[in-house]
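Take a look at the letters that make up each chain.
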Amino acid sequence: MGADSGLSGVPHLLSLREMPEEEIRCLLSLASSFLEVLDREVKKVPALRGKVVACAFFEPSTRTMKSFDLAARYLNADVTSLTGEASSVVKGESLEDTARALRRMGADCLVVRHPCSGAAHYLARRMDIPVINAGDGRHEHPTQGLLDLLTLGERWGEFRGRRVAVVGDVLHSRVARSDLWGLTKLGAEVRLFGPPTLLPEHPELLGVPGRVRVARSLAEALEGADAVIALRLQRERQKKGLLPSLEEYAAFWGLREELLDRFCPGAFLLHPGPVNRGLELDGGVMEAPRSLIEEQVRRGVAVRMAVLYRALAGGRGAGGV
Ligand code: CP
């Protein structure tokens, strides 16, 4: 799968930074075609019959784990899921040995979420089956990036000339990194805004050169935006001293409908979920007409169908779907 397949000749999916624009567009188009399957009364196509997808999640997840699980089932693959706390990792088994055990039991593809940045790359260098990164530490969450692109692309058609504000805890956000690479590769411009302590060093390098800017105020980030992506405040990854208090975070960096109405009335609102209601998003804004948050969740299934199909169908076209 693009540059990622170069690691071992296996079609891994590890990051959008490494994925060529053409490959991204191809996956989005495939995902679009799978959306129709989700509307069917019987949500089943035979595309991956006989294949086995293993999901190994070493961090909590609702959307990503369950949408990979459903995507595999809708494509008629068998799926087996493992969570870190219920695995032999707690008895001291290594990540690599865990992955090899799943492989020996028949897994044809490994979907992995892990708290360490680089965990998916680590496995990809050691496995002879496709490894799909379902979120690694602060590094990337490429299938979330793809589903965000699918959600916006269906509204816009084309990304060139569009501006997206990405607001919040950029430092800890693997979603932000995948979004930035994906959006800027397709031609959009991004304005970043967050507490200075929650911005990485050189954030303008997290995308195509010249297409990422750091805004000096929330107003500057939002002004004229066509879409706003609010990031989850990752309370589980905070170190002491990065945040004054949750109340201040909500007051200075939280998004409210009146702010969006004032600075970018036509903008869509996205959030990868799960949402800290009342913190990065004011309660009501999630249900406002501009919110695409529920659409994102649905598109996540179609994107993961496309990703599994590309990993496991051996380059065949999407015929028979
Ligand atoms: N967006 C996302 O990764 O959500 P989950 O943690 O629920 O999978």
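Only a predicted model underlies this, so the values are computations on that prediction, with no experimental measurement involved.

Thoughts on the overall build of the protein
In terms of regular secondary structure, the protein is built from ten helices and nine strands. When its C-alpha atoms are laid out on the principal axes, the protein stretches across 55 × 45 × 35 Å. Counting only residues that meet the buried cut, the protein has 56% of its 321 residues in that class. Restricting the contact set of the protein to residue pairs at least 6 apart, pairs at least 24 apart contribute 75%. Carbon and sulfur atoms make up 51% of the accessible area of the protein, which totals about 13,200 Å².

Comments concerning the site of the ligand
Near the ligand, the surroundings consist of Ser61, Thr62, Arg63, Thr64, Arg113, His141, Gln144, Pro272 and Gly273. With respect to the ligand, the side chain of Arg63 contributes an N or O atom lying 2.9 Å from an oxygen atom. One of the backbone nitrogen or oxygen atoms of Pro272 is found 2.8 Å away from a nitrogen atom of the ligand. Considering the ligand on its own, with 250 Å² of exposed area, one finds that the protein chains cover 91% of that surface. Class assignment of the residues belonging to the shell around the ligand gives a composition of one nonpolar, six polar and two charged.

Section: the pairing of strand E6 (residues 189-193)
With respect to burial, E6 is a largely interior element, four of its five residues being buried. Crossover handedness for the path strand E5 (residues 163-167) to helix H6 (residues 174-185) to E6: right-handed. Pairing geometry for E6 and strand E7 (residues 212-214), over three bridges, is parallel. When the bridges of E7 are listed, Val190 appears paired with Val212.

Quick notes on the confidence of the model for the protein
Across the protein, the average pLDDT comes to 93, with 95% of residues at or above 70. This model gives residues 317-321 a pLDDT under 50, and the stretch forms nine contacts once residues within four places in sequence are excluded.

Remarks on the side chain of Asp169
By the secondary structure assignment, Asp169 is in the loop between E5 and H6. A polar contact of 2.9 Å, which involves the side chain of Asp169, links it to the side chain of His172. For Asp169, the residues in contact, after removing those within four places along its chain, are Leu198, Leu231, Arg232, Leu233, Gln234, Gln238 and Tyr249.

Some remarks on the environment of Cys26
Examined against the element boundaries, Cys26 turns out to sit in helix H1 (residues 21-38). Cys26 gets classed as partly exposed once you look at its relative accessible area, which sits at 35%. Spatially, the C-alpha atoms of Cys26 and Leu198 are 33 Å apart, while their sequence positions differ by 172 residues.

Overview of helix H2 (residues 63-74)
Over its twelve residues, H2 runs 16 Å from end to end, which matches the ideal 16 Å to within 8%, given 1.5 Å per residue. By the burial criterion, the buried members of H2 are Thr64, Met65, Ser67, Phe68, Asp69, Ala71, Ala72 and Tyr74. Just downstream of H2 lies Asn76, where phi reads positive at about 70°.

Digging into the pattern of salt bridges
In this structure the tally under the stated criterion is 21 salt bridges. Of the charged contacts in the structure, one is a salt bridge between Asp128 and Arg103, with a shortest N-O distance of 2.9 Å. Of this pair, Asp128 sits in the loop between helix H4 (119-124) and strand E4 (131-136) while Arg103 sits in helix H3 (residues 95-104), and the two are 25 residues apart along the sequence. A salt bridge links Arg299 to Glu154, with the nearest nitrogen and oxygen atoms 2.6 Å apart. Placement of the pair is Arg299 in helix H10 (residues 293-312) and Glu154 in helix H5 (residues 142-156), with a sequence separation of 145 residues. Overall, the relative accessible area of 12% leaves Arg299 in the buried class. Each of Glu21, Arg25, Glu158 and Arg160 takes part in one network of salt bridges that share partners.

Comments concerning the packing of aromatic side chains
Using the criterion set out here, one finds four aromatic pairs in the structure. By way of ring pairs, the aromatic residues Tyr249, Phe252 and Trp253 are connected into one cluster. Against the face of Tyr122 rests Arg126, its NZ or CZ located 3.7 Å from the ring centre.

Reading guide: rules and limits
Residues numbered from 1 in each chain as written. Predicted model: local features only at pLDDT ≥ 70, side-chain atom pairs only at ≥ 80, totals over all residues. Heavy atoms only, no water. Helix = DSSP H or I, 4+ residues; strand = E, 2+ residues; numbered from the N terminus. Buried < 20%, exposed > 50% of the residue type's maximum accessible area, 1.4 Å probe, protein only. Contact = heavy atoms within 4.5 Å. Areas by Shrake-Rupley, 256 points an atom, 1.4 Å probe, with all protein chains shown as cover. Near = heavy atom within 4 Å. Polar contact = N/O pair within 3.5 Å; in protein donor to acceptor, adjacent residues only side chain to side chain. Nonpolar A, V, L, I, M, F, W, Y, C, P; charged D, E, K, R; others polar. Right-handed = clockwise from strand over helix to strand, strands pointing away. Pairing = 2+ DSSP bridges. pLDDT = per-residue confidence, 0-100. Expected span 1.5 Å × (residues − 1). Salt bridge = Lys/Arg side-chain N within 4 Å of Asp/Glu carboxyl O. Phe/Tyr/Trp six-rings, centres within 6.5 Å; stacked < 30°, edge-to-face > 60°. Lys NZ or Arg CZ within 6 Å of the ring centre and 35° of its normal.

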